[in-house]
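Now for the letters of each chain:
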Amino acid sequence: LIGIYTNRHGERWELQLKGSGKTPYSRNGDGRAVLRSSVREFLCSEAMHYLGPPTSRAASLVVSDDDVWRDQFYNGNIKKERGAIVLRLAKSWFRIGSLEILAHSGELDLERRLLDFIIQEHFPSIAMNDSNRYLEFFSTVVSETANLIALWMSVGFAHGVCNTDNFSLLSITIDYGPFGFMDSYDPNFVPNTSDDERRYKIGNQANVGLFNLSKLLQALKPLLDPRQKQLASQILGGYGERYYIRFTELFKTKLGLLGENEDDNYLIAFLLKVRIL
């Protein structure tokens, strides 16, 4: 993260370099990115912006003189590739994992400070003096995550690595690693060649979203009182309905269906099945 930029419209964007080298958070990786994946991230993030799903953006791509060694197909055949760096932008790069790691390590004071900062900066509808602000925050993230994944499905987008570290707390699409668009509808479509168990297949994205939100709730529980914990569990329980409603709205719009008809859902399911055949 290299800074925050405010444009002429008053919008604030966090600027981040991907592929520029090791950081304290690189773990065992080299912190580099290859040219082919950098071009894909640049093009797809911009395409997603114009398709409609909330997403990070790409500002520039610079080719590096450094050689990067990668096993592209995870078959043990490591090859030298040209490196690149993408300057990418988002309203925030905080993820579910940003809170999860603090709760896991017992750094609750720091988690509370970070959560208050995120709410103050990015959730203006939540009052900072509201004792239920963490509950309101969780409710918003649950609703917006359901909306985001429904939007992914409406354009046939499969993220590829839907873990908690790749799910934005602002419910935007971030971290374009393995990803893909379906040419024709297939709920078993997997864009990630290393996902042998098909955990992140496109037909499972909504379920994975629920799993990640349950991890967020687990991270928030030390900061909630017993009543708030119970209400938060109820909010999480409504995720499936929220996703289903939004998914149906989007596909009815695609089909030009007006009003409410009990056969609408059957028609949507039937047409998706036709695409499989």
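Criteria and cut-off values
Residues numbered from 1 in each chain as written. Predicted model: local features only at pLDDT ≥ 70, side-chain atom pairs only at ≥ 80, totals over all residues. Heavy atoms only, no water. UniProt positions renumbered as here; feature names shortened; annotations may be inferred. Helix = DSSP H or I, 4+ residues; strand = E, 2+ residues; numbered from the N terminus. Expected span 1.5 Å × (residues − 1). Buried < 20%, exposed > 50% of the residue type's maximum accessible area, 1.4 Å probe, protein only. Arc of directions from axis to C-beta. Contact = heavy atoms within 4.5 Å. Polar contact = N/O pair within 3.5 Å; in protein donor to acceptor, adjacent residues only side chain to side chain. Domains from an automatic or database assignment. Buried area = accessible area lost by both parts, 1.4 Å probe. Salt bridge = Lys/Arg side-chain N within 4 Å of Asp/Glu carboxyl O. Nonpolar A, V, L, I, M, F, W, Y, C, P; charged D, E, K, R; others polar.

Identification of the protein as Selenoprotein O from Opisthocomus hoazin is taken from an unreviewed UniProt entry. What the UniProt record of the protein gives under Sequence similarities (unreviewed entry) is the line "Belongs to the SELO family." Word for word, the UniProt comment on the protein under Cofactor (unreviewed entry) is "Mg(2+)".

Residue-level account of helix α6 (residues 226-237), with values.
Here α6 contains twelve residues, and its C-alpha end-to-end distance of 17 Å stays within 8% of the 16 Å for a straight helix at 1.5 Å per residue. For α6, every residue scored as buried is listed here: Gln228, Ala232 and Leu236. Projected down its long axis, α6 shows its buried positions confined to an angular sector of 80 degrees, all on one face. Counted as exposed and oriented over 90 degrees from the buried face of α6: Pro226, Gln230 and Gly237. Residues of α6 that are buried in the fold lie against α4 (133-154), α5 (205-220) and α7 (239-255). Among the residues of α6, the N-terminal cap falls to Asp225, whose side-chain oxygen and the backbone nitrogen of Arg227 are separated by 3.1 Å.

With reference to specific residues and values, describe the domain arrangement of the protein.
By domain assignment, the protein separates into domain 1 (3-90) and domain 2 (96-255). When domain 1 packs against domain 2, close to 1500 Å² is buried across both sides, 60% of that on carbon and sulfur atoms. Linking domain 1 to domain 2 there are two salt bridges. Linking Glu121 and Arg12 is a salt bridge whose minimum nitrogen-to-oxygen distance equals 2.5 Å. In this assembly, domain 1 and domain 2 are joined by seven residue pairs in polar contact (both at pLDDT 80 or more). Secondary-structure elements contributing two or more residues to the side of domain 1 that touches domain 2 are β2 (12-18), α1 (35-51) and β4 (79-90). With six residues, α1 is the largest single contributor of residues to the side of domain 1 that touches domain 2. Of the residues contributing to the side of domain 1 that touches domain 2, the split by class is seven nonpolar, four polar and six charged.

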